[in-house]
Amino acid sequence: MTDTSPSQPGIQEDELDLMRLLGLVWRGRWIILACVAVAIVLSMLYVRNIAVPKYASTARLVIEAEDRNVVDIEAVVSGISTSDTSINTELSIITSRGMIEKLIRDLELYKDPEFNGALYEPNPYSIAGIRKRVLALFGQEDAAGPEQSIEQAVLSTIPRTTRAIRAVSVQKTLLIDITVTTEDPRKSTQMANRLAAIYVQSQVETKFDAVEYAINWLTERVTELEGELRTRQNELDNVRSEAALVGIETLEAMTVRSVELRSRQSNLTNTITEKTELIERARVLIEAGDGDGLVALFDDRILNEIAGTVDDGTLMENERFNARIDTLVDQETSSIQRLTSQRDVFRDSLNRLNEEISQQTTALKRVEELTRDLQAVQTLYETFLSRLKETSLQIGLQQADSRVLSEAPPFGRQVAPQVRRTVSLAIVFAFLVGVGIILVVQFTQRGIRSAGELESLSGQNVMGQIPLSPVKDRKKLLEYLRNKPTSAMSEAVRNLRTSVTLTNPKNPPNVIMITSSVPGEGKTTVAASLALNLASLGKKVLLIDGDIRRNTLSDYFKGVDTENKPGIVSLLDGDVSLQEAVLTLPDTGIDVLMSEKSVQNAADIFASEPFSNFMKTLREHYDHVIIDTPPVLAVPDARVIARFADAVLYIVGWNKTHREQVREGISELRSLGVTISGVVLNQIDGRKMSRYGYGYGGYSRYGSRKYGQGYYDN
C-alpha cells in the first residue's frame, strides 16, 4: 500500500497546559503529602531535639546631640556628629575587636563553651555528636587539643562573640540598639548591658586620653616657648646695650644736621668753582691785554678808579692797574684755598655723621625685629598657657557622648528556633520537592502516555487505545476475550475494529498489516484480538504470522498443535496447499497460517513473486487477512509486506516505546511511500495513567468502579 497523498505534517512535541499541570499535581498529591509529612516530622525533630534555643536581649543607647562640657575646648575634645556617617562609625566601634575583647575579658567569656570552640560539646543528635557517640561505643575518643593560654582563648573566642552581637540604629533617630543572641537568656541580657556600659565608658576614656595628651603637649610647648621668650629678651637687651642707641628724636636731629652739612658743603663747592673760573678768565684776559675786560670781570672800585685816570688802550701798561689786577687774583686764590679747607672740614663731619646715623638705623631695625619676635613669642606663650589652664580643668569634667537609655530586660526573648516559621518553610520546601519529583518523572519519561501525545508525535490518527491485558498467560487471551465480551479490553478491540473497517465503508480493507517499532509492544496480541473480533461478526478471517524468525503467534493458541503444521514457507515453496497449511482454531472460526524457520532471507521471501500471487489468492478466499509482521526497526520485513496491505496499523507500547523509536519507525515506512492508516496506543495501564494525569478514550473511566458498573466486566 503506497502513499500518493501529500507529506504528513511535521511531528511536534506536545506541551503541558496549565490545567493538565494542575491535574498532574493533584494526581501526584500522595507524593506531595508524603514529602510534606516527612518534612514536618524532620522539622519537628530538628526543632525539639537538634536545634539549640537562642535568646536575644537588647540594650538601647541614645546619642547626645549637644556637647555638655563645662569648659569649651572644641579644639581638644569634640562630641559625636549626628550625621549618618558618624552614626555608622559608632555602630562599627561597638562591634569592633577592641570592644569585643574587653567584653570577653570582663565576663570571662573565653571560659564559655558557647563562644570557645575548644570547650564546645556537640549536640548529641548532630553529626558531630553522633560521631562522638559512635566512637565512644568502640572505646575511642576524639583527641583533645593542646591546652590554651588565656590570650589564645580570648583570640579564639572573638569571632563567635562578634557573630552573637548586632548593633543597629533606629531609623531617623539618635538611638542605637545593641542586641546579643546566645543560648542563655540571662547571658544575653548580661552581655548586652555590659557591652553598652563598656561603650559609654570608652567614650569617657577616649576623651580623658585626648585631654591628657593635650595637656602633655601644651605643657611641652609652654616650656619651650618660655625658654624661647627668655632667649629673645636677652638678645634684645644685648643689642640695645652694645649699640648705645639714641632716641628717635636725636636720630632725626642728626639727620637734619646731616642735611645742613651736605647743603653747606655743596654751597662751598659751588663758590670755589665760581672763583676758580674767575681766575681762569682773568688770566685769559691778561694774556690778551684786554684791560677793559679785566675791569668788567672784577668790578673792583679801585680798579675802576685807575681805569678812569688812564687813557683807553694803555691800561695794561699802567703799573698801578697791573698791580691791582695781581692783588685781586691773589685775593681770589687765597679765598679759594680758604673755602677748600672749610669744605674738607664739612665733608669729614658729614661722613662721620652719616656713619653714625647708619649705625643707629641698623641697630634700631634689629631692635624692632627682635621686639616683634619677642612679642610674637609672648603672644603664643600666653595663648598656650591660657589653653593649658583651660584644658587642665577638663580632667574631671568629661562626659560621654551617649548614655544608656534603657537596659536589656532581665531575661532575653527566644528568637530561635521559630517553630512555626521552620515548619512552614519545611512544608513549602517539601511541597516544591514533591512537585519537582512529579515534574521530573513527567518530563524525563521518554515513553508516550496519551493519545494526544501519540497523535502529535506521529502525525497520524489514533485508531485505538487498548488497555493492558488482564491475562498474563497468552494462551488464555482468546478465551478471555470470548468469555468477557463486555470487558474493557474487548470493547477497546471492538472500537479498533470499527475504526479500521470504517476507514473506507464502501470498500473495507481486506489485507490488514500490523507492525510496531520494537519488540514487546503487543502487536501480536492486537493482531490475534482483532482477528477474533472480526471473526465474531461472521467474517472469514485469516491470521498470518509474518514474523518468520520468532514464530510468537503459536504462544496464543491453547490445545493446538502448531509445531507439526506446515507454515507459510512450505506453502510458498509449493510443498503444501493452502488448505493443508491453514490451521482453523476451534471455537473461534479463525484460520491461522503459521510461520516456520527458513534458510532464505525473510525479506526476500516476502518480496518474491510467489508471495505476491499468494496475496492475490487470499483476497479471493477471505474477507480479512491480518498479517502480524516483525518490528520495523528490527528487520525490513514489514516495509516489504506493507505494499500488499490495504491498511497498516502501527502499534505503540504505552509508556514504553521511546519517542525517537516511534519517529524513526514511521519515517522508515514513509520513506518507502507506505501509507499508515493509523496508530494504536497499546498496553495502557489505567491506574498508572490516571496517576500521570491522562485518560484513554474514556475506558479508564468506564472500567472504573465509579463509572463502569453495569457496562463492562473487569
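Placed above this text is the structure.
So, how was this worked out
Residues numbered from 1 in each chain as written. Predicted model: local features only at pLDDT ≥ 70, side-chain atom pairs only at ≥ 80, totals over all residues. Heavy atoms only, no water. Helix = DSSP H or I, 4+ residues; strand = E, 2+ residues; numbered from the N terminus. Buried < 20%, exposed > 50% of the residue type's maximum accessible area, 1.4 Å probe, protein only. Contact = heavy atoms within 4.5 Å. Areas by Shrake-Rupley, 256 points an atom, 1.4 Å probe, with all protein chains shown as cover. Pairing = 2+ DSSP bridges. Axes fitted to C-alpha atoms, helices over the stretch in contact; angles between N-to-C directions. Left-handed = near helix turned anticlockwise from the far one by under 90°. Nonpolar A, V, L, I, M, F, W, Y, C, P; charged D, E, K, R; others polar. Right-handed = clockwise from strand over helix to strand, strands pointing away. Arc of directions from axis to C-beta. Lys, Arg positive; Asp, Glu negative; His and termini not counted. Salt bridge = Lys/Arg side-chain N within 4 Å of Asp/Glu carboxyl O. Patch = residues over 30% accessible without salt bridge, like charges linked within 9 Å, V, L, I, M, F, W, Y side chains within 5 Å.

> Which residues make up the overall build of the chain, and what values go with them?
In terms of helices and strands, the chain carries 24 helices and 13 strands. Out of the 714 residues in the chain, the part that is buried amounts to 41%. Long-range contacts, defined as pairs at least 24 residues apart, comprise 81% of the intrachain contacts of the chain with a sequence gap of at least 6. Summed over all atoms, the accessible surface of the chain reaches about 39,200 Å², with 51% contributed by carbon and sulfur.

> Quick one: what's the story with the environment of R413, residue by residue and with numbers?
Take R413: it is sitting in strand β5 (residues 413-416). Given a relative accessible area of 46%, R413 falls into the partly exposed group. Along the sequence, R413 and T58 sit 355 residues apart, while their C-alpha atoms lie 9.4 Å from each other. Aside from chain neighbours lying at most four places away, what touches R413 is K54, Y55, A56, S57 and T58.

> So, the sheet that holds strand β12 (residues 647-653): which residues are in play, and what are the values?
Spatial ordering of the open sheet is given by β6-β13-β12-β7-β11-β8-β10-β9, a layout of eight strands whose pairing is mixed. For this open sheet the edge positions go to β6 (462-467) and β9 (583-584), each flanked by a neighbour on one side alone. Where β9 and strand β10 (residues 590-593) come together, two bridges link them in antiparallel fashion. Within β10, the residue paired with L583 across the bridge is V592.

> Describe the environment of V180, and please don't skip the residues or the numbers.
By the secondary structure assignment, V180 is in strand β3 (residues 175-182). Residue classification places V180 among the buried residues on the basis of a relative accessible area of 0%. Separated by 15 residues in sequence, V180 and I165 place their C-alpha atoms 4.6 Å apart. Those residues in contact with V180 that sit more than four places away from it in its chain are Y55, A56, S57, A164, I165, S188, M191 and A192.

> Mind laying out the packing of helix α4 (residues 97-107) against helix α6 (residues 150-163), listing which residues take part and the relevant values?
The geometry of α4 relative to α6 is characterised by a closest axis approach of 9 Å and an angle of 115° between their N-to-C directions. The handedness of the crossing between α4 and α6 is right-handed. Where α4 approaches α6, its residues R97, I100, E101, L103, I104 and R105 are matched on the opposing element by I150, E151, V154, L155, T157, I158, T161 and T162. Considering only residue class, the contact of α4 with α6 consists of seven nonpolar, three polar and four charged.

> Can you explain the pairing of strand β13 (residues 678-684)? Please cite residues and give values.
Counting buried residues in β13 gives six out of seven residues, a clear majority hidden from the surface. For β6 and β13, the ladder comprises four bridges, and the chain directions are parallel. If you follow P467 over to β13, its bridge partner there is I684. Looking at chain direction, β12 and β13 are connected through five bridges and run parallel. By the bridge assignment, L649 is partnered in β13 with G678. Regarding the hand of the β-α-β motif, the stretch spanning β12, helix α22 (residues 659-671) and β13 is right-handed.

> I'd like a rundown of helix α13 (residues 451-458), residues and numbers included.
Of the residues making up α13, those classed as buried are A451, E453, L454, L457 and S458. The buried side chains of α13 occupy one side of the element, clustering within an arc of 160° when seen end-on. Where α13 is buried, its residues touch α1 (18-27), α12 (419-444), β6, β12, α22 and β13. Of the residues trailing α13, G459 is marked for its positive phi of about 75°.

> Requested: an account of the side chain of D547, with residues and values cited.
The residue D547 is located in the loop between β8 (541-545) and α17 (568-573) in this model. Buried charge without a partner: D547 forms no salt bridge, and the closest opposite charge is R550, 4.5 Å away. Sequence-distant contacts of D547, defined by excluding residues within four places in its chain, comprise K523, S595, D628 and P630.

> I'd like a description of the pattern of salt bridges, backed by residues and values.
Where charged atoms from two side chains of opposite charge come close, those side chains can pair. If you walk through the whole model with that rule in mind, you get 31 salt bridges. Here R194 ties to D106 by a salt bridge, and the two come within 2.8 Å at their closest N and O atoms. Taken together, the residues R194 in helix α7 (residues 185-243) and D106 in helix α4 connect sequence positions 88 residues apart. Each of K54, D112, E114, E183 and K187 takes part in a single network of salt bridges with overlapping partners.

> Talk me through a nonpolar patch on the surface; I want residue IDs and the actual numbers.
A contiguous nonpolar patch, built from I31, F429, V433, I437 and V441 and spanning about 410 Å² of accessible area, is present on the exposed surface. With four residues, α12 is the single largest residue contributor to the nonpolar patch. Examined against the element boundaries, V441 turns out to sit in helix α12. Take V441: its relative accessible area is 40%, and that puts it in the partly exposed class.

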